[in-house]
Structures are given as C-alpha cells and as structure tokens.
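Residues per chain, in single letters:
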Amino acid sequence: MTRGWSLIYEGFDPDQEGLREALCTLGNGYFATRGAAPEAQADVVHYPGTYVAGCYNRLATRVAGGVIENEDLVNLPNWLLLTFRLDGGEWFSVNAVELLSYRQELDLGKGLLLRDLRFRDREGRETRLSSRRLVHMRQPHLAALETTISAENWSGRLEVRSALDGRVVNAGVERYRELNNKHLEPLETGTLDEEAIFLKVQTNRSEIRVAQAARTRLFRDGELAGVERHTTEEPGYIAQEFGLDVEEGGQATVEKIIALYTSRDHAVSECGHEARKAVARAGGFEDLLESHTEAWEHLWRRFNIEMETPAEQAALVLRVHMFHLLQTLSLNTMDLDVGVPARGLHGEAYRGHIFWDELFVFPFLNLRMPEITRGLLEYRYRRLDEARAAARAAGYRGAMYPWQSGSDGREESQKLHLNPLSGRWVADNSHLQRHVNAAIAYNVWQYYQATRDMEFLSFYGAEMFLEIALFWAGVATYNNELDRYEILGVMGPDEYHDGYPDANEPGLDNNAYTNVMAVWVLCRALELLEVLPADRADELRDALDLGAEDLERWSQISRKMRIVFHDDGIISQFEGYDGLEEFDWQGYRDKYGDIHRLDRILEAEGDTPNRYKVSKQADVLMLFYLFSSEELGALFKRLGYAFEYETIPKNIEYYIQRTSHGSTLSQVVHSWVLARSDRPRAWRLLTRALEVDVNSAQKGTTAEGIHLGAMAGTVDLIQRACTGIETRGDVLRFNPCLPEEVRRLRLGLHYRGNSLDLEVTHETLKVAALRCVAESVTIGLKDETYALKALETIELPLS
C-alpha cells in the first residue's frame, strides 16, 4: 500500500518478495541495488542485484541446434551481505524464526529503504531489527546500510558477518536461465585496515573491472565498539566476522559504507584505488544521509507534480513512477555513455537493453532538466558509425539504428526467443522495427524545440537526423503504377505482426506508422537545413555527400508516400490488414482469462497473430499520441490524403477494440488518445497503467525490472496530455483538458532556459515566469499568443 510519500509493505510475503525487491530498488543514475534483504542470497524467493549503467558483457550459448550470443547488463558483486547470529546459533533468516511483526517502507522523499521487524527464535529470544539503506544521490559511487539489533528479552553474544560476494551470476529472469550467465571472474580480495575489506572482479568478455570497498563498524548503545575481526577469503568473495556482548534491553548498530567503481568511470587512475580511497574518505551513515536527503530535496523541487485529486492512490503511484525515473536517469547520468534501459536498473529483463522507450521518457526530462536528455542523446550519437555500418550492410545510405542496443550500438535483438507457454524457441524478427530510427529523430527535434540548443543540434543532433533521413529516402521504393513511394518488409510498433500469414519471409509492407514517421522526418530534415547556421549546414552537406538531388528526392517522397486505407477512412495498420480474420476475443477470454500476451498463447496453440486483426499495443494510434491533429492534418494534406474531423475518433474506436494491451506502454497511449474525446475511459486506462508495476499486472514480470517507458508515460500523461503542452515553433502552447478526477495541477517547467510555474484548474490556466533568460516567453492558448516577461504571471480563462 502507499501513504503520503511512502510505499509501505506490512507483513512478509514470499510470493511478493521479487516484486517488492524491484519496487524498493535504490539507485542514483550511476548504479542501483534491488531492495533485497541484506541477509538474503539468490534463491526462489530473493534476488539481490546491483547494476551499473552501461556495464555489459557478452556470452554465447548453444540453443536449438545453433549458437546464440547475448549481451547482458551484468549483475555485479552483492555488497549488501550483512547478517548476524546469537550465541553461535544459526545465521539469521526470516524463514528460521517466528515473525512477530514485519514492515518495509520506501521513503520516496528521501530515497531511503527502511525495514523494521520483530522475531522470536527457537530459544524464545525476542529481537527487534531495524535498518536504513541508501544509494547516495550526490556521491554516485557510495551506498550505505545501517542495521540496529535490539535485545528485548535476552543477553548474550551477538556475532555479525559483513561480506562482498562476486560469485553472483545473472539468474534474475527464469526464461534466460538456460543461457550462459556467469559474467564475472575474480581478480583480487583483501583487507584495507581493521574495518575495511576490498573486492575486485572483471567481466570475462568486455573486460570491465569492478571494484568494491566496504567499511563496517559496530556500535554498542551509540558508542563505537572495538572488536576483534576474523576474515574469510575465497576467489570472488571476502567476509569479516566479529562480535560483542549485548545486555537485555541493549542494542548494537552495524554501519556498512561501500564504494563502487568500474574501469569505465571518468577521472580515475584505477578503479580499485578509487574505491579504497572513497571508502576511507566517506563519512558515517548520518553524514551521508544528510547530503543524500538534500540532493533528493533538490530533485523533487524541480520534478514534483502537485496533483489535487480524491484519487490519492493514483497521485502516490505517480510519485513512485517519478522516483524510479530519477533513480535510473539523474544528474549522475548526464556525463555517462549510457542510454535509457527499458527496465531501468532494477533487474535483468530485456538484458538491460535500450529500445525506443526514450520516446516516452524524454518529454518528462525535456521540460525539467533537458541536460539529462542531451547526455542520453549523445549515447545515440556515439553509436552513429555503427548505425551507418548497419545501413551499408543492408544496402542503404545513412544510418539504421538497431531495435535493441547495448554497449557498442550493434543490433542486440535475439535471433530466437523462448515462449514460456510452449517451451519452444521461436524466431525473433523484432529487428525489423525500423521505426526506432524515427523515434531517435523525433527525440532530437523535440529536445531542440524545448531547449533551442543550437550547439547540440549543429554538432550532434543534425548529423544523426540527416543520416536517418538518408536512410528513409533509400529504403523507400517507387511504385510506378500507383505513383507512390512505399516502405516494404518492416515491423510496426504492434509487434504481434512480423509477416503475412503463410509467407516465407518476415516483414510487412507500408506500415502506416512507419511511413508517416518517415515523411515527418524528411520534412523536418529539409527544415533543419534552413535552421542550421549556413556554414554548418554546408559542412554537413559535404560530410554526408548530400546533394541537391537528395533534397529533391526527400521532397518527392514526403509528398508521395503511400498510406493504405480500408473501411471508409480507417488507416490500415499495414497493407493487407483488412484481409486478416477478425479475432474471437470473447472466446479466448473465456478460455484463458488473461490474454494480454496473445502472441504466446497462439504460438503455443500452433497458431500465429499474423492471421488476425489483433494488436499487442498501439500502432496506428501512436500517430495520434505523438502529433496534434493540426500536425497530422498538415502531413496528410501534403501527401494528398483526406484527414477529416472524424478520422481520429473513428480510428481510435476501431483499433482500441482490437488491442490486447500486451505491452505496458499500450494503456498509456490509449489513455492519451482518448483524453479529449472520452475522459472517463481515458482515466480508467491511466489508472490501469499506473497499477501495472505496483501490482505487477503483467503476470509477475515487474520482479525482473520495472517498465521505465510505461512509468514515464503515465507521468507524461499528467504533465503534457492534461495541460496540452506542445513545444512547436517558437511558442510554448497549452490546451488544458483535466480529467474530472483532477481538480488542480501544478508543476514547474524549464523551457529554453526559462523557469516557469504552471497551475491548471478546470476554469483557468495560470503561468508564472520565475526566471527568464529571454526578454519574454511566447505562450500560446488555442489560437492566441501572449508574451510573458520575467516575474510576470498570466492567468487565462479556459471556458
């Protein structure tokens, strides 16, 4: 349950522990550690995991008669390990005692994980255990754990064991466990002084060195206790054991401070040296807590959304989502060479890869702290050469970014994936989702619109954008009979359809979303060359061998791209969609209950979604998610197609009936597109999207890692859909439309260096300029524009 600024769990539930560990992950954008109990090791209930952004390793496995290679975000040494025993008995485990009470709390405001429990052991001794844990938001290489053990009805010898364990493997996703998963090899262990131990390991293929140093101190009744220590060392593992006598009613506190560095870090001579130095210089738990809490206070001041609503659960879960976004992508991420991992730094699902989820994440960052967006976009720029090589290998100019990206930007999509329902390995054709190119271009443009960062556009963004435009121009083929250009052999965002029924080769023709996005990219590319400084535009034309004939081809394609329609105004998801069979939705619901993953159900039956009008998630409707009706109308007019008033609601109703919501992103998009036409249904979809991870609606997959794109999408629904924010041209436009359940919305915005405060009710829009770098900001409401100067406030009626 949630209350105030806390996510609270009462009682210990082994069946829910994996979910809780994911949702109670603590991180700082550099690394994150799952919310596992300090005494726990990986088993059927618990899965401790620590992940550093961008720390990947590649292993090969023989599967189904062939060899497949997978690159994984590596589970790094477990620094949490801290346990105790009384008078030489069993080491503490919740399974070996009688729990009298159990409470775990994730404090969202301070970034703290709190645990409080009381237990009775076999000898009748009653003990209280309280712990606090943090992963430091300001000092990204530090984390701390404080555990207090109180003797309620006993006196005796308390023994403590504190360890660093590098013998871990990647085993957090059941369907991956047949694959090779031992990524770490031991390098060094040792003691630094009587309080501190040290561990260094290395990934066995990427050769990333990882060092951890831990300092453990024991306090009795608040005073530092001098204790004798015994050290145990094995390859990849080191532990210290020590103890002291505790009197009835007394307590002992164990403080464990750790430092984590890798050989990928900036400004380090050697990661082991840095870890040893950092742990020696680190203050105590209270010192670290003070600066850590202050860092979170600053983050919330910038990112919080005040939503006045009787739906308190929705407001609180929204805050949980923002919390996990900021733990994955923070100020500490800005200078790292990393992308947006689809499952955060919270688990091993999707192997920590980067898909297109940044499309849903960046709007939240663009209007709050766009410097983070810029750093993440530079991840894509550094892999531009790999995208160019992929395009050349496929016979095209320009850049072809992969559907799944990891360390170096090659295609990381699997060739085979396991269907857990059938137990069969089946072909994975998801690499045909070329629309990731369009997403990257869209992100570059939206970042520029929000910031007007001409330096980024000139030296990074424009080059990516123009190379993507060259790819679309090359992949488009001319159909002489139709006098139209076509894009053949791709997959759309839907993902259920990867080919035509009974076809020998995968791929679909004229996916509407892909084709329209290609047109938008080409239009903006032509505009981009006018926006850039003339000398830089000339340099890019020369560097990319971009001639007048290319620009003419872009113009032609952007006017003659083919969009397929059926049933009087329905935009066909792809050519031939109208010829597919209608699906027996009710029959399958009656038979299976949960049919979110129809692809797996049908494959297990020996069937395929390719035969049916079914969608996993929004495809055509993504167009209405990304663009206003005015923008889409202009694009369709340019193409010579009718775009009537009824086009959007008619298509929404058609496709929403044919979607299983097999992706966590689906309900976000559907809620967005319904926000103005059917607000009650839009709110219902939003509340379902909010619950996807908190209640693990996707059949337990949240335990393998949160769904970062869906979390960001729910926040963006409140931030942009409810306010109608658009950053288009040189105007910050608003068109508010609050759900009935939201009485008032207040948030801060950062637009082109200007700090604004926004407040929306059902009656008024109020925008205050707190600080302006420009003489004024142009605000748009419907068809009117207003100049807002520094320290001024505009209040406009919405009736």
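The present account deals with the structure reproduced in this document. Every value quoted in this text rests on a predicted model; they were computed, and no experiment measured them.

Thoughts on the overall build of the chain
On a plain count of helices and strands, the chain comes out with 20 helices and 35 strands. At 27 Å, the chain has a C-alpha radius of gyration in line with the 28 Å of a compact globule built from 799 residues. Looking at the chain as a whole, 63% of its 799 residues are labelled buried. In the chain, the share of contacts with a sequence separation of at least 24, taken over all contacts with a separation of at least 6, comes to 68%. A total of about 30000 Å² of accessible surface is found on the chain, and carbon and sulfur atoms cover 45% of it.

Here we look at the sheet that holds strand S5 (residues 50-52)
On the basis of which strands lie adjacent, the open sheet formed by three strands has the order S3-S4-S5 and antiparallel pairing. Of all strands in the sheet, those bounded by a partner on one side alone are strand S3 (26-27) and S5. In this structure, strand S4 (residues 31-33) lies alongside S5, joined through three bridges in antiparallel fashion. Within S5, the position partnered with Thr 33 by the bridge is Thr 50.

Notes on the packing of aromatic side chains
Summed over the entire model, instances satisfying the criterion amount to 39 aromatic pairs. Judged by centre distance (6.1 Å) and plane angle (50°), the ring pair of Trp 356 and Trp 403 falls under tilted. One end of the pair, Trp 356, is in the loop between helix H4 (312-328) and helix H5 (358-366); the other, Trp 403, is in the loop between helix H7 (384-393) and strand S22 (416-419), with 47 residues separating them in the sequence. Measuring from ring centre to ring centre gives 5.2 Å for Phe 583 and Trp 585, while their planes differ by 80°; the resulting arrangement is edge-to-face. Under the relative-accessibility criterion, Phe 583 is labelled buried at 8%. Each member of the aromatic cluster is reached from another via a ring pair, and the members are Tyr 350, Phe 355, Trp 356, Phe 360, Trp 403, Tyr 513, Tyr 625 and Trp 672. Positioned above the aromatic ring of Trp 5, the side-chain terminus of Arg 319 is 3.8 Å from the ring centre.

Here we look at the sheet that holds strand S28 (residues 726-728)
Spatial ordering of the open sheet is given by S28-S29-S33-S34, a layout of four strands whose pairing is mixed. Sheet topology places S28 and strand S34 (784-788) at the edges, where each strand pairs with a single neighbour. Strand after strand, the sheet turns through a mean of 30° between neighbouring axes, direction not considered. Pairing between strand S29 (residues 731-734) and strand S33 (residues 777-781): three bridges, direction parallel. The partner of Phe 734 across the bridge, within S33, is Leu 781.

Details of the pattern of salt bridges
With the rule as written, the count across this model stands at 70 salt bridges. The closest approach of N and O atoms between Arg 128 and Asp 116, which form a salt bridge, is 2.7 Å. Of the two residues, Arg 128 sits in strand S11 (residues 126-135) while Asp 116 sits in strand S10 (residues 112-120), which places them twelve residues apart along the sequence. Arg 536 is paired through a salt bridge with Glu 539; the nearest N and O atoms lie 3.1 Å apart.

A look at the side chain of Asn 510
Within the secondary structure, Asn 510 is located in the loop between strand S25 (484-486) and helix H10 (512-531). In terms of polar contacts, Asn 510 uses its side chain to reach the side chain of Glu 486, at 3.1 Å. Within the structure, the side chain of Asn 510 is placed 2.9 Å from the side chain of Glu 575, a separation counted as a polar contact. Other than its neighbours up to four places away in sequence, Asn 510 contacts Tyr 485, Glu 486, Ile 487, Leu 488, Asn 515, Arg 562, Val 564, Gln 573, Phe 574 and Glu 575.

Digging into the environment of Ala 768
In this fold, Ala 768 is placed in strand S32 (residues 764-771). Note: C-alpha distance between Ala 768 and Ala 790 (22 residues apart in sequence) is 8.3 Å. Look past the residues within four positions of Ala 768 in its chain and what remains in contact with it is Ser 755, Leu 756, Asp 757, Leu 788, Glu 792 and Thr 793.

Quick notes on the pairing of S22
Relative to strand S23 (residues 424-427), S22 is paired through four bridges, and the arrangement is antiparallel. If you follow Leu 416 over to S23, its bridge partner there is Ala 427. As consecutive antiparallel partners, S22 and S23 are separated by four residues, and within that stretch Gly 423 has a phi angle of approximately 75°, a positive value.

So, helix H6 (residues 370-382)
For H6, with 13 residues, the first-to-last C-alpha span of 19 Å sits near the 18 Å given by 1.5 Å per residue. When you tally the buried positions in H6, you get ten out of 13 residues, the bulk of the element. For H6, the complete set of buried residues consists of Pro 370, Ile 372, Thr 373, Arg 374, Gly 375, Leu 376, Leu 377, Glu 378, Tyr 379 and Arg 380. Buried-residue contacts for H6 involve H5, H7, helix H8 (435-451), helix H9 (454-475) and strand S30 (744-751).

Comments concerning the environment of Arg 611
Along the chain, Arg 611 falls in the loop between helix H14 (598-604) and helix H15 (622-626). Taking the relative accessible area as the measure of exposure, Arg 611 reaches 30% and is therefore partly exposed. Apart from residues no more than four positions distant in its own chain, Arg 611 is found in contact with Pro 501, Leu 580 and Glu 581.

Concerning the packing of helix H18 (residues 664-674) against helix H20 (residues 708-721)
Between H18 and H20, the shortest axis-to-axis distance is 8 Å and the interhelical angle comes to 10°. Considering the angle they form, H18 stands roughly parallel to H20. In the packing of H18 onto H20, the handedness of the crossing is left-handed. Here Thr 664, Leu 665, Val 668, Ser 671 and Trp 672 of H18 lie close against H20, whose contacting residues are Gly 709, Ala 710, Gly 713, Thr 714, Asp 716, Leu 717, Arg 720 and Ala 721. Counted by class, the contact of H18 with H20 contains six nonpolar, five polar and two charged residues.

Concerning the side chain of Asp 757
The topology assignment puts Asp 757 in strand S31 (residues 754-761). Every residue in contact with Asp 757, bar those within four places of it in the chain, is listed here: Arg 746, Leu 747, Lys 766, Val 767, Ala 768 and Leu 770.

Describing unusual backbone geometry
The phi angle at Ala 267 is positive, at roughly 55°, despite the residue not being glycine. Examined against the element boundaries, Ala 267 turns out to sit in the loop between strand S20 (251-262) and helix H2 (271-281). Located in the positive-phi region is Asp 567, a residue other than glycine, with phi close to 50°. Within the fold, Asp 567 resides in the loop between strand S26 (565-566) and strand S27 (570-571). On the basis of relative accessible area, Asp 567 is assigned to the exposed category, the value being 52%.

Rules behind the numbers
- Residues numbered from 1 in each chain as written.
- Predicted model: local features only at pLDDT ≥ 70, side-chain atom pairs only at ≥ 80, totals over all residues.
- Heavy atoms only, no water.
- Helix = DSSP H or I, 4+ residues; strand = E, 2+ residues; numbered from the N terminus.
- Rg over C-alpha atoms; globule rule 2.2 N^0.38 Å.
- Buried < 20%, exposed > 50% of the residue type's maximum accessible area, 1.4 Å probe, protein only.
- Contact = heavy atoms within 4.5 Å.
- Areas by Shrake-Rupley, 256 points an atom, 1.4 Å probe, with all protein chains shown as cover.
- Pairing = 2+ DSSP bridges.
- Phe/Tyr/Trp six-rings, centres within 6.5 Å; stacked < 30°, edge-to-face > 60°.
- Lys NZ or Arg CZ within 6 Å of the ring centre and 35° of its normal.
- Axes fitted to C-alpha atoms, helices over the stretch in contact; angles between N-to-C directions.
- Salt bridge = Lys/Arg side-chain N within 4 Å of Asp/Glu carboxyl O.
- Polar contact = N/O pair within 3.5 Å; in protein donor to acceptor, adjacent residues only side chain to side chain.
- Expected span 1.5 Å × (residues − 1).
- Parallel < 35°, antiparallel > 145°, perpendicular 65-115°, else oblique.
- Left-handed = near helix turned anticlockwise from the far one by under 90°.
- Nonpolar A, V, L, I, M, F, W, Y, C, P; charged D, E, K, R; others polar.

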